[in-house]
Amino acid sequence: SQELEQSPQSLIVQEGKNLTINCTSSKTLYGLYWYKQKYGEGLIFLMMLQKGGEEKSHEKITAKLDEKKQQSSLHITASQPSHAGIYLCGADDYNFNKFYFGSGTKLNVKP
Amino acid sequence: DAGVTQSPTHLIKTRGQHVTLRCSPISGHKSVSWYQQVLGQGPQFIFQYYEKEERGRGNFPDRFSARQFPNYSSELNVNALLLGDSALYLCASSSDGNTIYFGEGSWLTVV
């Protein structure tokens, strides 16, 4: 079965600093999703990557999928308190019609 | 347009009781999936339904069941509740393999 490992588990950064969150898969990814979750709330879709080497950006958040499609990174530039939350990577496992998530990265941004 | 809506938002049940959680997908979305998220962990896949048929099932006991109605809304049922069933239950919908959108979730507390 598909497994997604995220690192780091938690992160505290000073406002204005850059940061990177990683997501590594045990299998080749068909589609890699990034979501953000505020504590106890639903997931907000950020980006989806499908092609090896693909890179997408939205505002100050950039996500990349490596050429082998087994690792993705989420980079936040000039972090703000509004970026705080839990970031989750997720992926489809078409062989089993399932969707898997990593365990999440908890981000705190200190003003 | 309305997003994925779930009800109830919060509920408290006693061990051994039964619970029904409801989900209305985004208009036009035929696929609905359910996830259980225990505090501090990533969401765990429970079921996926497409066109009223079960397409995928996670590693959950038979106490968990679901169904999808002709209007594509869905119910998740859990029988013989255990303390460990306390979690945030998330519903998501998608359209033909595209981006998966999540609702705000239903918080279930079993006492």
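First things first, this report covers the structure right here in the doc. In this text, all values refer to a predicted model and were calculated from it rather than measured experimentally. (Residues numbered from 1 in each chain as written. Chains lettered and ligands numbered in written order. Predicted model: local features only at pLDDT ≥ 70, side-chain atom pairs only at ≥ 80, totals over all residues. Heavy atoms only, no water.)

Moving on: the pattern of salt bridges. Pairs can form between side chains of opposite charge whenever their charged atoms are close. All names here are of chain B. Applying the stated criterion across every chain yields a total of 8 salt bridges over all chains. Among the salt bridges present, the one from Glu 75 reaches Arg 22, with a minimum N-O distance of 3.5 Å. Placement of Glu 75 in strand β8 (residues 74-78) and of Arg 22 in strand β3 (residues 19-24) is noted, with a sequence separation of 53 residues between them. The salt bridge partner of Arg 57 is Glu 54, with a shortest N-O separation of 4.0 Å. (Salt bridge = Lys/Arg side-chain N within 4 Å of Asp/Glu carboxyl O. Helix = DSSP H or I, 4+ residues; strand = E, 2+ residues; numbered from the N terminus.)

Attention now goes to the environment of Ser 95 of chain B. Residues and elements named next belong to chain B. Summarising the element assignment, Ser 95 is placed in the loop between β9 (87-94) and β10 (101-102). Residues Ser 95 and Ala 2 lie 93 residues apart in sequence; the distance between their C-alpha atoms is 15 Å. For Ser 95, the contacting residues outside a window of four places in its chain are Gly 28 and His 29. (Contact = heavy atoms within 4.5 Å.)

All told, the structure shown has 2 disulfides over all chains when counted by the stated rule. The disulfide partner of Cys 23 of chain A is Cys 89 of chain A, and the gap between their sulfur atoms is 2.0 Å. Because the torsion about its S-S bond is 75°, the bridge between Cys 23 of chain A and Cys 89 of chain A counts as right-handed. Here Cys 23 of chain A, found in strand β3 (residues 19-25), pairs with Cys 89 of chain A, found in strand β9 (residues 85-93); they are 66 residues apart in sequence, far enough to count as distant. Taken as a pair, Cys 23 of chain A and Cys 89 of chain A share a single burial class, namely buried. There is a disulfide in this structure between Cys 23 of chain B and Cys 91 of chain B, and the S-S distance comes to 1.8 Å. (Disulfide = S-S within 2.5 Å. Buried < 20%, exposed > 50% of the residue type's maximum accessible area, 1.4 Å probe, protein only.)

Any functional reading would require information that these geometric values do not contain.
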